[in-house]
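Observations on the model geometry
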Amino acid sequence: MSQLTALISVSDKTGIVDFAQALHGLGVKLLSTGGTAKLLADAGLPVTEVAQHTGFPEMLDGRVKTLHPKIHGGLLARRDLPEHVAALNEHGIATIDILAVNLYPFEATVAKPGCTLEDAIENIDIGGPAMVRSAAKNWKDVTVLTDAGQYAQVLEELKSAGRTSDKTRFACSVAAFNRIAQYDAAISNYLSAINEDGSHSAYPAQMNSSFVKVQDLRYGENSHQSAALYRDLYPAPGSLVTGKQLQGKELSYNNIADADAAWECVKSFEAPACVIVKHANPCGVAVAATAAEAYAKAFKTDPTSAFGGIIAFNRIVDKAAAELVVKQFVEVLMAPGFTDEAKAIFAPKANVRLLQIELPPGGATPWLQGRNHGDSKRVGSGLLLQTADNHFLKKEDLKIVTTLQPSAQQLDDLLFAWTVAQYVKSNAIVFCGEGMTLGVGAGQMSRIDSARIASIKAENAQLSLKGSAVASDAFFPFRDGLDVLADAGASCVIQPGGSMRDEEVIAAANERGIAMVFTGVRHFRH
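Bear in mind that the values here come from a model prediction, so they are computed numbers and not experimental data. (Residues numbered from 1 in each chain as written. Predicted model: local features only at pLDDT ≥ 70, side-chain atom pairs only at ≥ 80, totals over all residues. Heavy atoms only, no water.)

**With respect to a nonpolar patch on the surface**
- On the surface, a cluster of nonpolar side chains totalling about 360 Å² of accessible area is made up of Tyr203, Met207, Leu383 and Leu385.
- On the basis of relative accessibility, which here comes to 40%, the residue Tyr203 falls in the partly exposed class. (Patch = residues over 30% accessible without salt bridge, like charges linked within 9 Å, V, L, I, M, F, W, Y side chains within 5 Å. Areas by Shrake-Rupley, 256 points an atom, 1.4 Å probe, with all protein chains shown as cover. Salt bridge = Lys/Arg side-chain N within 4 Å of Asp/Glu carboxyl O. Buried < 20%, exposed > 50% of the residue type's maximum accessible area, 1.4 Å probe, protein only.)

Shown next, in the form of structure tokens:
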């Protein structure tokens, strides 16, 4: 077997010296460019600069260095075609068998505050992607490496077999084309977001998204639908897809959708909290001194709906909490962690899925609340994009609009109810008291029906609504919704305001002896 040649040209030099030393030890000839060549030479490795190899100097401040037939001919030539081999011999072009290239750091550059268009342009790699595409196209003869994580596997195969396997070369080729697609998408997104005046739009003229498949799913929402789970290239810390399943059956499409709703909601609370979700809506939410107490309160809201629900905690699940939860039928249980005692309690329940998800660093800060960093929805052949619904409401943001002033405890209850309402499908009405939900009305076509359903839920759970706090995710268009809340026993209400009949609703609250505050923002969730 003839001597192999490796061309190494990397921006991220992580592990590259060790990789090159190992290649040299296996008798591989080393070619390199610029700073990478200097680094390898300083490490005592025999390396040939590309300029020497091509007989043509680097030029235009390094913009042109590998765009040469001796590079691309060496990468693209098929060794099994006599005419390709003859062309190489005629022009004195040597084959290149291994290409290690990672690209100029465009994504990292444009992420820096104060990045200018000139900075961005100069970090658009041309020669690197061209070489990667050439090598990836000719994967049957060339191994292309675009990530330091690939070095070890390639070295192992070279040591054991003298060359890489077809399987590894093809996998590296796919990874290379994926990387080029991601790189070009980042460039397109950045440049197409620049307005005529030089400012940047939050929504580029062309939106290019890249996702990595996590797993195929057994089916979608229904058994006749196929499905798969994908994640962002760089998932947000503390998001659902960063979790680790500790036990249980494979997660289903509906499990994942409901689990996301529960996890995003429970992250919103600083105190120990428990959220129980059924069919994408919270059916029980509570805060307490411990995880066990929070679960017990959340479960009381709607024991019937909690059957087969998705449960999320924002604290480690200990023995006390596990002993309560295990008594019920639960599909998925999520938490930042589980004690060994808790794991042992669930071990006999082989179908219960335990999912461990680390909370975001520093806790659920406002920018991490809501739907991660943004939200999207497919509509026909289109896509709706919006920023995250992560508005963080503080007491000082509230506008008291009634004669009756809410007490400090009522304000706490109202803010709790408002947080829960953010995660309930519209139209949403949420009765709360003493750190727990008492009745939840979700997804109705009229707000008054949601109010009636919420009060019925509380009645079915034998929970009193006397003195309760109520959140409405949007304004009351008429006073009739407010009257339903008053008849049920509510003492205070939080709502956005903004209706043409606000004065009518405020007058009704004063008439019924209810304190009411406006938020100035709504939380529709469709």
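Back to the write-up after that little detour.
**Some thoughts on the sheet that holds strand β2 (residues 29–32)**
- Spatially, the 5 strands line up as an open sheet ordered β3-β2-β1-β4-β5, and their pairing is parallel. Where the open sheet ends on each side, the last strands, each with one partner, are β3 (47–49) and β5 (143–145). Taken pair by pair, the neighbouring strands of this sheet meet at an average axis angle of 20°, ignoring direction.
- Where strand β4 (residues 98–102) meets β5, 3 bridges bridge the pair, whose relative direction is parallel. Bridge pairing in β5 places Leu99 opposite Val144.
- Against the sheet, helix α9 (residues 151–161) makes contact with β1 (5–10), β4 and β5, and its axis sits at roughly 155° relative to β5, the strand it touches most. (Pairing = 2+ DSSP bridges. Helix = DSSP H or I, 4+ residues; strand = E, 2+ residues; numbered from the N terminus. Axes fitted to C-alpha atoms, helices over the stretch in contact; angles between N-to-C directions. Contact = heavy atoms within 4.5 Å.)

**Some thoughts on the pattern of salt bridges**
- Under the counting rule described, the total for this entry stands at 17 salt bridges.
- One salt bridge connects Glu107 with Arg179, and the closest N-O pair in it is separated by 2.9 Å. Residue Glu107 is found in helix α6 (residues 106–110), and its partner Arg179 is found in helix α10 (residues 166–191); the two are separated by 72 residues along the sequence.
- Here Asp483 and Arg479 are joined by a salt bridge, their closest N and O atoms 2.9 Å apart. A residue pair is termed a helical-turn pair when its members lie 3 or 4 positions apart in one helix, as Asp483 and Arg479 do in helix α18 (residues 479–488) at 4 residues.
- Asp483 sits in the buried class, given a relative accessible area of 17%.
- On the basis of relative accessibility, which here comes to 24%, the residue Arg479 falls in the partly exposed class.

**Re the nonpolar core**
- Formed by 52 residues in total, the largest nonpolar core has its most connected members in Ile276, Ile311, Phe313, Phe431, Leu485 and Met516.
- Top element by residues in this core is helix α12 (residues 291–301). It accounts for 6 residues.
- Setting aside chain neighbours within four positions, we find Met516 in contact with Lys399, Ile400, Val401, Thr402, Leu482, Val493, Gln495, Val505, Ile506 and Ala509.
- Counting residues in each nonpolar core, the second largest holds 47 residues, with Ala227, Ala259, Val287 and Ile494 among its members. (Core = buried A, V, L, I, M, F, W, Y, C linked by side-chain atoms within 4.5 Å.)

**Considering the side chain of Asp97**
- Mapped onto the elements of the fold, Asp97 is located in the loop between α5 (82–91) and β4.
- Only 2.8 Å separates the side chain of Asp97 from the backbone nitrogen of Thr5, close enough to count as a polar contact.
- Side-chain polar atoms of Asp97 contact the side chain of Arg79, separated by 3.2 Å.
- Here Asp97 is in contact with Gln3, Leu4, Thr5, Arg79, Asp141, Val142 and Thr143, once residues within four sequence places are set aside. (Polar contact = N/O pair within 3.5 Å; in protein donor to acceptor, adjacent residues only side chain to side chain.)

**Overview of helix α16 (residues 408–421)**
- In this model, α16 (14 residues) spans 20 Å end to end at C-alpha, consistent with the 20 Å of a helix rising 1.5 Å per residue.
- Counting buried positions along α16 yields 11 of 14 residues, so the element is predominantly enclosed.
- Among all positions of α16, only Gln410, Leu411, Asp413, Leu414, Leu415, Phe416, Ala417, Trp418, Thr419, Val420 and Ala421 are buried.
- Structurally, α16 contributes buried residues whose contacts are with β10 (281–287), β17 (429–433), β18 (436–441), β19 (468–472), β20 (490–495) and β21 (515–518). (Expected span 1.5 Å × (residues − 1).)

**Remarks on the packing of aromatic side chains**
- Per the stated rule, a full pass over the model turns up 8 aromatic pairs.
- Judged by centre distance (5.4 Å) and plane angle (40°), the rings of Phe269 and Phe416 are tilted. Of the two residues, Phe269 sits in the loop between α11 (253–266) and β9 (273–278) while Phe416 sits in helix α16, which places them 147 residues apart along the sequence. There is no split in this pair, since Phe269 and Phe416 are both buried.
- Through successive ring pairs, a cluster of aromatic residues spans Phe106, Tyr183 and Tyr190. (Phe/Tyr/Trp six-rings, centres within 6.5 Å; stacked < 30°, edge-to-face > 60°.)

**Quick notes on the confidence of the model for the protein chain**
- A residue-level look at the protein chain finds 97% of positions with pLDDT of 70 or above and a mean pLDDT of 90.
- Segment residues 365–372 is flagged for pLDDT under 50; beyond a separation of four residues in sequence, or across chains, it makes 28 contacts in the model. (pLDDT = per-residue confidence, 0-100.)

**Describing the pairing of β10**
- Counting buried positions along β10 gives 7 out of 7 residues, so the element sits mostly inside the fold.
- Sheet topology places β9 next to β10; 6 bridges connect them, and they run antiparallel. Bridge assignment links Ile276 to a residue of β10, and that residue is Gly284.

**Describing the packing of helix α1 (residues 16–25) against α9**
- Put simply, α1 and α9 touch, their axes get as near as 11 Å, and they point 10° apart. The orientation of α1 with respect to α9, classified from their angle, is roughly parallel. Between α1 and α9, the contacting residues are Ile16, Phe19, Ala22 and Leu23 on the first element and Tyr151, Leu155 and Leu158 on the second.
- Among the residues forming the contact of α1 with α9, the class breakdown is 7 nonpolar, no polar and no charged. (Parallel < 35°, antiparallel > 145°, perpendicular 65-115°, else oblique. Nonpolar A, V, L, I, M, F, W, Y, C, P; charged D, E, K, R; others polar.)

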